[in-house]
Amino acid sequence: METTLIILKPDAVQRGLMGRVISRFEDKGLQIVGAKLMCISDDLAATHYEAHKERPFYAGLVSFMTSSPVMVLAVHGNSAIAVARKMMGATFGSNAEPGTIRGDFGVSNSFNLIHGSDSPEAAERELGLFFSKGEVMPFDRAISTWVYDMSGGDPE
Ligand code: IDP
Ligand code: MG
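Quick caveat: nothing in here was measured; it's all calculated off a predicted structure. (Residues numbered from 1 in each chain as written. Chains lettered and ligands numbered in written order. Predicted model: local features only at pLDDT ≥ 70, side-chain atom pairs only at ≥ 80, totals over all residues. Heavy atoms only, no water.)

In this section: the sheet that holds strand β3 (residues 70-77). Strand order in the open sheet made by the four strands is β2-β3-β1-β4, with antiparallel pairing throughout. Edge positions in the sheet fall to β2 (31-38) and β4 (114-116), since each has one partner strand and no second. On average, each strand axis in the sheet is tilted by 20° relative to the strand beside it, whichever way the strands run. Sheet topology note: the strand β1 (residues 2-8)/β4 ladder contains three bridges and is antiparallel. Looking across to β4, one finds that Ile7 is bridged to His115. The strands touched by helix α5 (residues 80-88) within the sheet are β1, β3 and β4, with β1 carrying the most contacts at an inclination of about 30°. (Pairing = 2+ DSSP bridges. Helix = DSSP H or I, 4+ residues; strand = E, 2+ residues; numbered from the N terminus. Axes fitted to C-alpha atoms, helices over the stretch in contact; angles between N-to-C directions. Contact = heavy atoms within 4.5 Å.)

Below, the structure written as structure tokens:
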């Protein structure tokens, strides 16, 4: 079981897509264990995207991510990191597959609606950047024995 950091970017919040995107994760069986609306500071954007510092799109990316509130989510489940990335689709809206979040809701390459951690190391780092202690709260779901095969003891 993994927990991943998802950011519904300013375009998703402004366009009123939060509910529909969250519903996709819940419909899949993933569990929302953290959620908040927040404004990203310049410092936080710089830290979060430090790997992209030298890229030509970096300044625009930071200004986009700090331009308006985002919703950050901690999303938990079996292979949640890879499952969420698949559900997001390719980086550019213009070539993201239909059926994915980026493929269904956008066509822009930079306003691409959603961020998702791309590895367990990134998820741990990014959850720590955006959530403080106590804000991520794994809880027992009544439906968990129907979302997962629990007959062997662990979720399958
Ligand atoms: P990812 O979000 O699919 O992991 P990355 O390559 O990690 O994609 O890029 C981080 C973010 O930077 C993208 O989600 C997008 O918002 C922005 N970005 C990436 N490449 C470009 C580009 O060529 N032009 C404009 N923005 C870009
Ligand atoms: Mg990335």
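Don't stop here, the text continues.
To continue, consider the nonpolar core. With 21 residues, the main nonpolar core has Ile6, Leu8, Val21, Phe25, Leu73 and Ile114 as its most contacted residues. Of all the secondary structure elements, the ones that give two or more residues to this core are β1, α2 (18-28), β3, α5 and α6 (101-105). Contact partners of Leu73, with chain neighbours within four places excluded, come to Thr4, Leu5, Ile6, Leu8, Ile22, Ile32, Gly34, Ala35 and Phe131. Core analysis: the second largest hydrophobic core is formed by 19 residues, Ile7, Met38, Tyr58 and Ala74 among them. (Core = buried A, V, L, I, M, F, W, Y, C linked by side-chain atoms within 4.5 Å. Buried < 20%, exposed > 50% of the residue type's maximum accessible area, 1.4 Å probe, protein only.)

Moving on, we come to the environment of Ser117. For Ser117, the location among the structural elements is in the loop between β4 and α7 (120-130). Along the sequence, Ser117 and Ala51 sit 66 residues apart, while their C-alpha atoms lie 13 Å from each other. For Ser117, the contacting residues outside a window of four places in its chain are Thr4, Leu5, Ile81, Arg85, Ala122, Ala123 and Glu126.

Structurally, Ser68 can be placed in the loop between α4 (58-65) and β3. By relative accessible area, Ser68 is classed as buried at 11%. A distance of 2.6 Å separates polar atoms of two side chains, one belonging to Ser68 and the other to Gln14. Look past the residues within four positions of Ser68 in its chain and what remains in contact with it is Pro10 and Gln14. (Polar contact = N/O pair within 3.5 Å; in protein donor to acceptor, adjacent residues only side chain to side chain.)

Overall, the coordinates contain three salt bridges when judged by the stated rule. Glu135 is the partner of Lys36 in a salt bridge, and the nearest nitrogen-oxygen pair spans 2.8 Å. Taken together, the positions of Lys36 in strand β2 and Glu135 in the loop between α7 and α8 (144-147) put the pair 99 residues apart, joining distant regions of the chain. Note that Glu50 is salt-bridged to Arg125, the shortest N-O span being 3.2 Å. Here the residue Glu50 occupies a position in the loop between α3 (42-48) and α4, and Arg125 occupies one in helix α7, the gap between them amounting to 75 residues. Exposure remark for Glu50: the relative accessible area of 43% places this residue in the partly exposed category. Overall, the relative accessible area of 33% leaves Arg125 in the partly exposed class. (Salt bridge = Lys/Arg side-chain N within 4 Å of Asp/Glu carboxyl O.)

Further remarks concern the packing of aromatic side chains. As enumerated under the stated definition, the model contains one aromatic pair in all. Ring geometry for Phe64 versus Phe111: centroids 4.3 Å apart, planes at 15°, classification stacked. Of this pair, Phe64 sits in helix α4 while Phe111 sits in the loop between α6 and β4, placing them 47 residues apart in sequence. (Phe/Tyr/Trp six-rings, centres within 6.5 Å; stacked < 30°, edge-to-face > 60°.)

Turning our eyes to something else, we now look at the site of ligand 1. Lining the immediate surroundings of ligand 1 are Lys9, Tyr49, His52, Phe57, Leu61, Arg85, Thr91, Phe92, Arg102, Ser110 and Asn112. Between an oxygen atom of ligand 1 and a main-chain N or O atom of Ser110, the distance comes to 3.4 Å. Side-chain polar atom of Asn112 to an oxygen atom of ligand 1: 2.8 Å apart, as the coordinates give it. Look at ligand 1: alone it shows 520 Å² of surface, and the protein chains cover 77% of it. In terms of residue class, the shell around ligand 1 is made up of four nonpolar, four polar and three charged. (Near = heavy atom within 4 Å. Areas by Shrake-Rupley, 256 points an atom, 1.4 Å probe, with all protein chains shown as cover. Nonpolar A, V, L, I, M, F, W, Y, C, P; charged D, E, K, R; others polar.)

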